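For reference, the chains in residue letters:
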Amino acid sequence: MAARSTLMKQRVLAILRRRKRPASAYEVLNELKGEYPKLAPMTVYRVLSVLMAAGQAHRVESMNAFIACKSQAHKSASILSICDDCGVVEETISNDLVADLSRLAGKSGFTPQRHVIEIHGQCGSCCDGGGLG
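Bear in mind the structure is a predicted one, so any value in this text is a computation, not a measurement.

A few points about unusual backbone geometry
- The phi dihedral of N64 falls on the positive side, at around 50°, and the residue is not glycine.
- Within the secondary structure layout, N64 lies in the loop between β1 (57-60) and β2 (65-68).

Listed below in structure tokens is the structure:
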């Protein structure tokens, strides 16, 4: 069972890595259906959850979709810049920004548990007129 679980994690991560845009759980499921015709959506959600907990994938909250983590090791929240034209998501890290956000929230007694930082706009390719969308 553990071997199948590891293989499923590898397959899902490979799907996320080869896509240029975030994928919904159902898009991942559809890509796996050829190899796993009886695969249930809940299995895909579980695998995505494990990948997120391991820091290998991110949930793009505003799109209800997922991307592979592009940073090898970070201890801070990712900043996801999402192009509203072509759908490409860029990931950056700023420990200072997350610390500042936590400090600002803490002024009112709020204790942050996790940070979700998403910025919507237009990527450089789309701004230059060379976008996909």
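A word on the environment of G109
- With respect to the secondary-structure elements, G109 resides in the loop between α4 (95-106) and β5 (117-121).
- G109 gets classed as exposed once you look at its relative accessible area, which sits at 60%.

Description of helix α2 (residues 25-32)
- Those residues of α2 that fall on the buried side of the exposure criterion are A25, V28, L29 and L32. What you see down the axis of α2 is that its buried residues fit within an arc of 100°, all on one side.

Structural notes on the sheet that holds strand β3 (residues 78-83)
- Read across the sheet, 3 strands follow the order β4-β3-β5 without closing on themselves; strand pairing throughout is mixed. The sheet is open, and its two borders are formed by β4 (89-93) and β5, each paired with just one other strand. Here the average twist between neighbouring strands, direction ignored, is 20°.
- Strand direction decides the pairing type here: β3 and β5, joined by 5 bridges, are parallel. Across the sheet, I79 pairs through a bridge with I117, a residue of β5.

Here's the deal with the layout of surface pockets
- Reported here for the largest pocket is a volume of approximately 300 Å³.
- What lines the largest pocket is a set of 16 residues, among which H58, A77, R114, H115 and V116 lie closest to the centre.
- Looking at the lining of the largest pocket residue by residue, the class counts come to 7 nonpolar, 4 polar and 5 charged.

A short note on the side chain of H58
- Inspection of the secondary structure assignment puts H58 in strand β1.
- Judged by relative accessible area, H58 falls into the buried class, the value being 14%.
- Among the polar contacts made by the side chain of H58, one reaches the side chain of S78 at a distance of 3.3 Å.

Comments concerning the packing of α2 against helix α3 (residues 41-53)
- Look at α2 against α3: their axes get within 9 Å of each other, and the N-to-C directions meet at 115°. In terms of axis orientation, α2 runs roughly perpendicular to α3. The handedness of the crossing between α2 and α3 comes out as right-handed. On the side of α2, the interface is formed by A25, Y26, V28, L29 and L32, while α3 contributes P41, V44, Y45 and L48.
- Its residues placed into classes, the contact of α2 with α3 shows 9 nonpolar, no polar and no charged.

A look at a nonpolar patch on the surface
- On the surface, a cluster of nonpolar side chains totalling about 310 Å² of accessible area is made up of Y26, M42 and Y45.
- Structurally, the position occupied by M42 is in helix α3.

Parameters at a glance
Residues numbered from 1 in each chain as written. Predicted model: local features only at pLDDT ≥ 70, side-chain atom pairs only at ≥ 80, totals over all residues. Heavy atoms only, no water. Helix = DSSP H or I, 4+ residues; strand = E, 2+ residues; numbered from the N terminus. Buried < 20%, exposed > 50% of the residue type's maximum accessible area, 1.4 Å probe, protein only. Arc of directions from axis to C-beta. Pairing = 2+ DSSP bridges. Axes fitted to C-alpha atoms, helices over the stretch in contact; angles between N-to-C directions. 1 Å grid on protein atoms, 1.4 Å probe; cavity = no way out; pocket = protein on both sides within 12 Å on 5 of 7 lines; lining within 4 Å. Points joined across faces, edges and corners; volume = space filled by probe spheres on them. Nonpolar A, V, L, I, M, F, W, Y, C, P; charged D, E, K, R; others polar. Polar contact = N/O pair within 3.5 Å; in protein donor to acceptor, adjacent residues only side chain to side chain. Parallel < 35°, antiparallel > 145°, perpendicular 65-115°, else oblique. Left-handed = near helix turned anticlockwise from the far one by under 90°. Contact = heavy atoms within 4.5 Å. Patch = residues over 30% accessible without salt bridge, like charges linked within 9 Å, V, L, I, M, F, W, Y side chains within 5 Å. Areas by Shrake-Rupley, 256 points an atom, 1.4 Å probe, with all protein chains shown as cover. Salt bridge = Lys/Arg side-chain N within 4 Å of Asp/Glu carboxyl O.

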